[in-house]
Amino acid sequence: MKTSDLSGQDLVYWVARANNPRDPSIFRSHYGEVNHGCPSDEPSARLFVERKLGAFLPPRHQWQ
């Protein structure tokens, strides 16, 4: 998946992963239905994730 395609809860999940790359307790399920963050912050959040983790992330089915 391209980092530039992230939004909403998926983006918040990857921001958490970028902030804590070695933390095994960060799971996508923690970011389910709750609205996290503000859409106007998404461009800078995507840039942060891309700088920390790269332009491409694992396929969605491999996310924790």
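Residues numbered from 1 in each chain as written. Predicted model: local features only at pLDDT ≥ 70, side-chain atom pairs only at ≥ 80, totals over all residues. Heavy atoms only, no water.

**Thoughts on the pattern of salt bridges**
One pass over the full model with this rule turns up three salt bridges. Salt-bridge contacts for D10 lead to R60; the nearest nitrogen and oxygen are separated by 2.2 Å. Here R60 lies in the segment after α2 (42-53) and D10 lies in helix α1 (residues 8-19), a separation of 50 residues in the sequence. Here E42 makes a salt bridge to R46, at a shortest N to O gap of 3.4 Å. Note that E42 and R46 are positioned in helix α2 at a spacing of four residues, about one turn of the helix. (Salt bridge = Lys/Arg side-chain N within 4 Å of Asp/Glu carboxyl O. Helix = DSSP H or I, 4+ residues; strand = E, 2+ residues; numbered from the N terminus.)

**Here's the deal with the side chain of E42**
Taking the relative accessible area as the measure of exposure, E42 reaches 19% and is therefore buried. Only 2.9 Å separates the side chain of E42 from the backbone nitrogen of G8, close enough to count as a polar contact. Not counting the four nearest positions on each side in its chain, E42 is found in contact with S7, G8 and L11. (Buried < 20%, exposed > 50% of the residue type's maximum accessible area, 1.4 Å probe, protein only. Polar contact = N/O pair within 3.5 Å; in protein donor to acceptor, adjacent residues only side chain to side chain. Contact = heavy atoms within 4.5 Å.)

**Here we look at the environment of A45**
For A45, the position within the fold is in helix α2. Given the relative accessible area of 18%, A45 is considered buried. With 38 residues separating them along the chain, A45 and S7 place their C-alpha atoms 9.2 Å apart. Each residue touching A45, except ones within four places of it in the same chain, is listed here: L11 and V15.

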